[in-house]
Amino acid sequence: MTTQRETLQLRPSVLRWARERADLTTEDLARKVKLKAERVQEWENSGAISMAWAERLAAATHSPLGFLFLSFPPDEPLPITDFRTRAGHAPPRVSVDLLETVHAMQLRSAWLRDELIDTGAEPVQLVSAYRPGTSSVDAAQAMRAALGLAADWASDAHSWSDAIGLLREHIEAAGVMVVFNGVVGNDTSRRLSPDEFQGFALVDEYAPLIFVNNADYKAAQMFTVAHELAHLFVGQEGVSASESLLPSHHEVETRCDGIAAEFLVPEAELRALWPHVSAHADRFQDIARRFRVSRIVAARRALDLGLIDRPAFFDFYASNRTQGDRNSASSEGGNFWNTQRWRIGVRFAASVVRALKAGRLSQREAYALTGLKGDTFEVMPSKLGISL
């Protein structure tokens, strides 16, 4: 039996991998475990480390303890397609935060799939409904029809930020989980990087899921929702990232971009509006107000349709990308139940509570699925408006 003080002989390359996996320098890790950087460097040079320090190293780097005992650093590819390639370059390194987030959402989707099948639910009609060769115009119309939305659906919202909430409600009502979160689970010390990814989609005929990185600029999040919705419609799951909200060079991403853009700002309507607003100093605000999108999305759509050139878009983007700003990790925790409404979603929360009450799910399993603890499941129905 290994004692806490007993020195272990682990592989230096694996110890180094754990640190680099968490995107930490030697000095960063030393500060987290409250040691001198020289001591951390000794671990990585010799592999000699006590059990107690191995446990602290695993916790500090968010690595499974068992991984540190491997002979070689493990390969941890994304379990879904990585669509983040830009202009032929390899995608950015996958962080442990993104990996954990994808795995957590896969766990939710897998559980809900079984729950829905066991309770006699029907498949979600929107998933993989796209037919090859369908135009962006027809695909966007089909998506709106699947959500029960009219072409001018956004006119019911008072602002573009309200429109995000309205769209989310319709997507969830159609059977899709929608998660907005800017941190790993409920850990506000682990902020998701919007520079790494904006969102991802999990394709499942019973339990599809859209994840939006809530740490990203609010101005871009509406497009992310529509883009990931298009991924479900096309039937291609994966992680997405865009540079300055510009189109991707990947075929699937290009298709989803086109559908999302048409879904939010129909080409025919924008072309009809453009002669009346193109000379205005606040022309993108006029478009944004008409379609209930952010000014950034309005400018991006004008670029798509050749109404403005790239220099004009980049100038506008540089000065307006912070519209709505980004969430800080701490700002997400203002109202606990409002935060959970976005992080968990009413649809998924309702399924968890009902399964708990019916004995199909244990408290421990519910905690693992939601990241919540204590008596939250007792008060959740009233706080989130769940009818049982």
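Right, let's walk through the structure included here.

Reading the values: rules and limits
- Residues numbered from 1 in each chain as written.
- Predicted model: local features only at pLDDT ≥ 70, side-chain atom pairs only at ≥ 80, totals over all residues.
- Heavy atoms only, no water.
- Helix = DSSP H or I, 4+ residues; strand = E, 2+ residues; numbered from the N terminus.
- Rg over C-alpha atoms; globule rule 2.2 N^0.38 Å.
- Buried < 20%, exposed > 50% of the residue type's maximum accessible area, 1.4 Å probe, protein only.
- Contact = heavy atoms within 4.5 Å.
- Areas by Shrake-Rupley, 256 points an atom, 1.4 Å probe, with all protein chains shown as cover.
- Lys, Arg positive; Asp, Glu negative; His and termini not counted.
- Charge placed at Lys NZ, Arg CZ, Asp CG, Glu CD.
- Core = buried A, V, L, I, M, F, W, Y, C linked by side-chain atoms within 4.5 Å.
- Axes fitted to C-alpha atoms, helices over the stretch in contact; angles between N-to-C directions.
- Left-handed = near helix turned anticlockwise from the far one by under 90°.
- Nonpolar A, V, L, I, M, F, W, Y, C, P; charged D, E, K, R; others polar.
- Salt bridge = Lys/Arg side-chain N within 4 Å of Asp/Glu carboxyl O.
- Arc of directions from axis to C-beta.
- Pairing = 2+ DSSP bridges.

### Structural notes on the overall build of the protein chain
And then number 1: In terms of helices and strands, the protein chain carries 17 helices and nine strands.
And then number 2: Computed over its C-alpha atoms, the radius of gyration of the protein chain comes to 23 Å, within 12% of the 21 Å expected for a compact globule of 388 residues.
And then number 3: With the principal axes as the frame, the protein chain shows a C-alpha extent of 75 × 55 × 40 Å.
And then number 4: Relative to its 388 residues, the protein chain shows a buried fraction of 50%.
And then number 5: Considering only residue pairs separated by 6 or more positions, the protein chain has 71% of its internal contacts joining residues 24 or more positions apart.
And then number 6: Approximately 17,700 Å² of the protein chain is accessible, and the part contributed by carbon and sulfur atoms is 50%.
And then number 7: Between the mean site of the 43 positive side-chain charges and the mean site of the 49 negative ones, the protein chain shows a separation of 4 Å.

### Observations concerning the side chain of Q198
And then number 1: Relative to the elements of secondary structure, Q198 occurs in the loop between β6 (187-191) and β7 (199-202).
And then number 2: Setting aside residues no more than four positions away along its own chain, Q198 makes contact with F211, V212, N213, D216, T224, S240, A241 and S242.

### Looking at the nonpolar core
And then number 1: Grouped together as the largest cluster of nonpolar side chains are 62 residues, with contacts concentrated most on W153, L167, I171, F263, L264, F284 and I287.
And then number 2: Broken down by element, this core gets its largest block of residues, 10 residues, from helix α8 (residues 218-234).
And then number 3: Leave out the neighbours within four places in its chain, and W153 touches R144, A163, L166, L167, M222, F263 and L264.
And then number 4: Core analysis: the next-biggest nonpolar cluster, separate from the first, contains 38 residues, W111, F197, A349 and L372 among them.

### Digging into the packing of helix α6 (residues 136-147) against helix α9 (residues 251-264)
And then number 1: In the contact formed by α6 and α9, the axes pass within 8 Å of each other and the chain directions differ by 65°. For α6 against α9, the interelement crossing comes out right-handed. For the pair α6 and α9, the contacting residues are S136, V137, A139, A140, M143, R144 and L147 in the first and G258, I259, E262 and F263 in the second.
And then number 2: Considered class by class, the residues forming the contact of α6 with α9 number seven nonpolar, two polar and two charged.

### Overview of the pattern of salt bridges
And then number 1: For the coordinates displayed, the defined rule picks out 18 salt bridges.
And then number 2: A salt bridge links R190 to D97; the shortest N-O distance between them is 2.7 Å. In this pair, R190 sits in strand β6 while D97 sits in helix α5 (residues 96-118), placing the two residues 93 residues apart along the sequence. There is no split in this pair, since R190 and D97 are both buried.
And then number 3: Note that D286 and R289 form a salt bridge whose closest N and O atoms lie 3.4 Å from each other. With D286 and R289 both in helix α11 (residues 283-291), this residue pair falls three residues apart, about one helical turn.
And then number 4: One connected set of salt bridges, linked through shared partners, spans R16, R19 and E44.

### Here's the deal with helix α16 (residues 363-370)
And then number 1: Listed as buried for α16 are A366, L369 and T370. Seen along its axis, α16 keeps its buried residues to an arc of 80°; they face one direction. In α16, the exposed positions that point more than 90 degrees away from the buried face belong to R364 and A368.
And then number 2: Packing partners of the buried residues in α16 comprise α5, α15 (346-357) and α17 (376-384).
And then number 3: G371 lies just past α16 and shows a positive phi near 80°.

### Details of the environment of E20
And then number 1: Within the secondary structure, E20 sits in helix α1 (residues 12-21).
And then number 2: On a C-alpha basis, the gap between E20 and G165 in space is 38 Å, while along the polypeptide they are 145 residues apart.

### A look at the sheet that holds strand β9 (residues 238-240)
And then number 1: Overall, mixed pairing links the five strands, which are arranged β3-β9-β7-β8-β4 in an open sheet. Whereas interior strands pair on both sides, the edge strands pair on one side only; in this sheet they are β3 (81-82) and β4 (177-181).
And then number 2: The sheet contact formed by β3 and β9 spans two bridges and is parallel. By the bridge assignment for β9, T81 is matched with G238.
And then number 3: Contacts from α5 reach β4, β7, β8 (209-213) and β9 within the one sheet, and its direction differs from that of β7 by about 30°.

By themselves, these are just geometric observations and shouldn't be taken as functional.
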